[in-house]
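# Results of the structural survey
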Amino acid sequence: MLRYILHRLLMTVPTALLVALAVFVLLRLVPGDPAQLMLGDTATEETLAELRAQLGLDQPIAMQFLYWLGNVAVGDLGRSITNDLPVLPLIFDRFQVSASIVIVAVVLATLVAVPAGMLAAWRQNSLGDLLIVGGATMLLSIPSFWLGLLMLLFFGVKLGWLPVVGYVSFGEDFGRALAYVILPIATLTLIEIGVITRMARAATIEVLRLEYITHARAKGVPEGRVLWRHALPNAFAPTWTLLGLILGNLLGGIAVIETVFTLPGLGRLLVDGIFARDYPVVQGCLLFVAIMYVLVNLLVDLLYPVFDPRVAAE
Amino acid sequence: MRVRANAVIGGTLIGLLVAVSATATFWTPYDPLRINLRARLRPPTDLFWLGTDEFGRDVVSRLMAGAATSALVALLTVAAAVILGVVIGVLAGFVRGWLDRVLMAVNDTLLAFPGILLALGLMAVIGPNKWGIILALGLAYSPSVVRVVRATVLSVREREYIEASRVIGNSEVYTMARHVLPNCVAPIVVLATSMFGWVVLAESALSFLGLGVPPPAPTWGNMLSAARPYLDQAPWLSIAPGLCIALTLLGINLLGDALRDKLDPRMGAA
Amino acid sequence: MTQAPLLSVTDLSVTAGDRAVVDRVSFSLQPGEIMALVGESGSGKTMAARSVLDLLPPGVRRSGGRIVFDGQDLSAMTPAQMRAMRGPGIGMVFQEPMVSLNPALSIGAQLAEGLELHRRLPRDEVLRLCRQMLARVQINDPDRCLAAFPHEFSGGMRQRIMLAAVMLLQPKLLLADEPTTALDTLTQREVLDLMVELTRDNGTAVILITHNLGLVGRYAANAVVMEQGKVVEAGPSRDILLRPQQPYTQTLVGALPRRGPARPVPADAKPIVSVRDLEVVFPGRKRMFRPSHPVHAVKGVSLDVRPGEVLAVVGGSGSGKTTLGRAILGLVPARAGHIQFAGTDIAASDRAAMRRFRLACQLVFQDPYSSLDPRMRVGPIVAEPLRHAEDMDRRAREARVAEVLEEVGLAGFADRHPHALSGGQRQRVAIARALVRRPAFVVADEPVSALDMTIQQQVLTLLQRLQEQHGFACLFISHDLAAVAQIADRVAVMEQGLVVETGTRDAIFDNPQHAYTRALLEASPRIEDLAA
């Protein structure tokens, strides 16, 4: 068990380094001189040279990477070109908005989808199964940003219950803040219900055909307990892995939802950075999200033996 | 029963997409790019079936042209990702050893960028245009193909009929070409099908963000993005393009389910 | 005999969709009796037994008949009454020990569950009973076992734990569905003896569902033989095995491998394949924080195979017999040792000699479902080895393929795909592929153990006939001593990577020297023992 944890922890280090290298290389592929891009066409030759020296651009590329990596290690992701603020605090600030929406949505979706998927699997091919699978496939096929627009159209424009544009942080006014995040959370929850329900159903069907389920029934275990105690832990294991992927995917694609609902989140920071050619911000956001994703998967793997004790013993 | 229904509905939806895309390459009711400021934001009428947008352009014509763009981009992207993924995956699964380890390290690193993040990063470098999207999404999705292909190659080559081929005296390369590869086709087809859906979604998301196919060329994604400010004035602009994306994805998902059920009948009606 | 039966099944019918899988089956059994339900796959024996507990898989349902257990009509019970019956009334043991215990729950939780559900006992009393039962089934450290998870145990251990879980509730009837088919011969004997002992002490009646007639003779007083959903014969086991009345039962009993007269083999013939001090070591996967554990699968084996003889290699699982066969053919690298083929050394470095050797050898696999490429038709599969027969033109090759397919009784099957064939037919295709190049040496790795009894006999007879006809030397790898007795000229017994005894078939079977050989022979049930 301890071996498994140590092994998994150590495996994360090279992955994180390679991810950092990939981000570094990617941004170096940008055509043109970074100093020129940062300072604009009006910059003089001296200021350019000064900035190059400051950024370490006159060093060989490997040295530049190490230099950058060193800075990243102490939490220095550089300063934004647009507003000269340090990038890391900017990212943390925006990350809170994105993370709260994504995490709440995934938790809610899991709470609905896992029981629904298990129920559908338990009565495979019944009318209920057909409806649940049909509904899930429907939800799976709706683009999140369109569902968001429809929600805004209905609850914001037609009914006028919720605000259409804007954001208030929870620190300022909890009630009003809630009004701004209800729709984005509802949108993401509905979309993810589709994915998770299908996964939970498929996994439960796999598990329910196994002999240990029949063994449990042959001991006189009631159906509810068969599902809850015998099928759930085994069927939840693959779903648990999926949750890590979903969390990462949502974080990676959160920009579209933030655009629909005009939320000041991490995704919007990245996209605005791309438009403004604010490369320190773009670099910082890419690195941050990728590392978060690696960490989420690490956490998922570390908790996996709870559902499947075989893994830690391998 | 369910497999057949899935295949029929999914096939119909995708057939419709192909037919509309093909038609749009030589005919649309109006020129999708012609601006007519006197006919701005018209609601649906018998003249403009789905109304007009903020520049007075006909929505039906733009949806049709958008279908052609989306279908073409998705097709080329999937082709690029599959070709790249199969070449690398087969190489890694076949040669094994250090080459496998290096390829897999690079591949796993790319897989550590969730969802469309890698594509976003690449678009930041390449700049928004049609070929850029194909390149970015192709690169972003090929690592998952590599994973599947390599895993399939590794699992197929453990089967006894592969050993039988060696006992016969066949060379490794012949065994690979004659017995391993043909048995890897099915999972790749299933993956490519669902990937078509992911790419349609990712392309429209990038276009929605303004990082995809640049205006004035219409895509479903950038039409939705342009419609956002007119949500209260002209809600039809937000409904039609999204419905097109959703129906395409539904078609792909149903088709993918049917394919998977056919290859792995245990999940279906049994 | 006037006692009321514990279980009586009358006119039971079970359907899957609109197909009858069990057709008006009746049988009954007395308290404490051990009855065998015998049949091949598709006979409906498992479905008949599962309907007693109302545990049929989805899509399969009971369509008629009465089941009376202990004076109660099971077919009229509500689901809740049925659940109360499962466990303390009727228990069940399953075939696959690897999948019949829940991998996510500790052994303790799974043992205690039945007691907690059916008898409201205090927690420490439940624990005491579990510990006591684990000790009964010869688990060394019951306390550690309670906290452990199923994956920490071997197949035989899991089957004991399974037995413990079921017997803890002291059922009146135990349904044992092929309980030892997945285990090797020695473990099978231990587990079954334990089962008989436990049920006898508790007065539990047993329905032993099996395809193995040897087990019927050894353990069951009465037997019911099923074929395609119907009961064909029922009665005392001795009568059924020694004096079967119905044609199907006669076929079944006749299908048991039998030792024929020994074939004369010139004792001093020059061996065609000669193996000296062969060693195979699997490196074991390297992992961080853990030394790799190399597995010494073959630890220095020497044996000779003479032209035209069948040398059987027998042993339990993990004895290294399969690895030995693979290593002789060069499919698994050997760490040490020499192999001589027709008098010349085959070194891995001499590629030409290696290739000549390869082309003269063939292998028949155990699992006919995975040894044929699913995308190819039978004709091309059988023809493929002829790619390397440079001396044959196209017409000669086609003629040879047709000839071989005829020999294995599959003329006219050339255009079929493997999935359209039965297991026995597939194994015939595999044999045809192995023989198409007229090899001098064939390794047959458990070639019949995945097949049904009557099919086993057909394939075994076919192999025997073809061997006599073409005179190839054969290394016959098997755990099944009965099959070995029928086909082998000489026998080598392997245990833990070593050959512990070699001799002519009759010497090994009639006068075994090594303790392991004796244990194997003792554990493998033969119906000849009944007659004695």
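Position numbers for residues start from 1 in each chain and track the written sequence from start to end. Following the order in which they are written, the chains are lettered starting with A and the ligands numbered starting with 1. At least 70 in pLDDT is required for a residue's local features to be given in this predicted model, at least 80 for side-chain atom pairs to be given and counted, and no such filter applies to totals for whole chains, interfaces and linings, which use all residues. Side-chain calculation: all heavy atoms of the structure are included, whereas hydrogens and water are not.

This part takes up the interface of chain B and chain C. Every residue pair with non-hydrogen atoms within 4.5 Å of one another is taken to be in contact. Chain B puts 16 residues into the contact, and the matching count from chain C is 24 residues. The quantity reported as buried area is the accessible area (1.4 Å probe) lost by two parts once they are put together, taken as the sum for both. Here chain B packs against chain C, burying approximately 1,800 Å² in sum over the two surfaces, 53% of which is carbon and sulfur. In terms of surface lost to chain C, no three residues of chain B exceed E160(B), V167(B) and I168(B), which account for 39% of the buried area on that side. One speaks of a salt bridge when a side-chain nitrogen belonging to Lys or Arg is within 4 Å of a carboxyl oxygen belonging to Asp or Glu. Linking chain B with chain C are two salt bridges, by the criterion used here. Salt-bridge contacts for E160(B) lead to R326(C); the nearest nitrogen and oxygen are separated by 3.9 Å. N or O atoms closer than or at 3.5 Å make up a polar contact, with two conditions inside protein: a donor-capable atom paired with an acceptor-capable one, and, for residues adjacent in sequence, both atoms drawn from side chains. At the boundary of chain B with chain C, the tally comes to 15 residue pairs in polar contact (both at pLDDT 80 or more).

So, on to the environment of P271(C). All names here are of chain C. Working definition: helices are DSSP H or I runs of at least four residues, strands are E runs of at least two. Numbering for both runs from the N terminus. Its place among the elements puts P271 in the loop between α10 (247-254) and β11 (273-282). Separated by 222 residues in sequence, P271 and A49 place their C-alpha atoms 52 Å apart. Those residues in contact with P271 that lie beyond four places of it in its chain are D304, V305, R306 and P307.

At the junction of the two partners, chain B supplies 43 residues and chain A supplies 57 residues. With both chains or domains summed, chain B and chain A bury close to 4,100 Å², and 73% of this area falls on carbon and sulfur atoms. On the surface where chain B and chain A come into contact, there are one salt bridge. D257(B) is paired through a salt bridge with R198(A); the nearest N and O atoms lie 2.8 Å apart. If you look at where chain B meets chain A, you find six residue pairs in polar contact (both at pLDDT 80 or more). Breaking the side of chain B that touches chain A down by element, the ones donating at least two residues are α3 (97-111), α4 (117-126), α8 (185-209) and α10 (236-263) of chain B. The element that contributes the greatest number of residues to the side of chain B that touches chain A is α10(B), accounting for twelve residues.

Looking now at empty space enclosed by the protein. Residues and elements named next belong to chain B. A cavity, in this analysis, means grid points on a 1 Å lattice covering only the protein atoms where a 1.4 Å probe fits yet has no way out; a pocket is instead an open set bounded by protein on both sides within 12 Å along at least five of seven lines, and a residue lines either one if it has an atom within 4 Å of a point. Grid points are joined across faces, edges and corners, and a volume is the space filled by probe spheres set on the points. This model, assessed by the stated rule, comprises seven cavities of 30 Å³ or more. Forming the boundary of the largest cavity are D53, E54, R57, V59, R62, N222, M223, A226, A227, L237 and P241. By residue number, the principal contributor to the lining of the largest cavity is helix α9 (residues 220-227), which donates four residues. Side-chain classes are defined by residue name, with Ala, Val, Leu, Ile, Met, Phe, Trp, Tyr, Cys and Pro counting as nonpolar, Asp, Glu, Lys and Arg as charged, and the others, Gly among them, as polar. Looking at the lining of the largest cavity residue by residue, the classes come out as six nonpolar, one polar and four charged.

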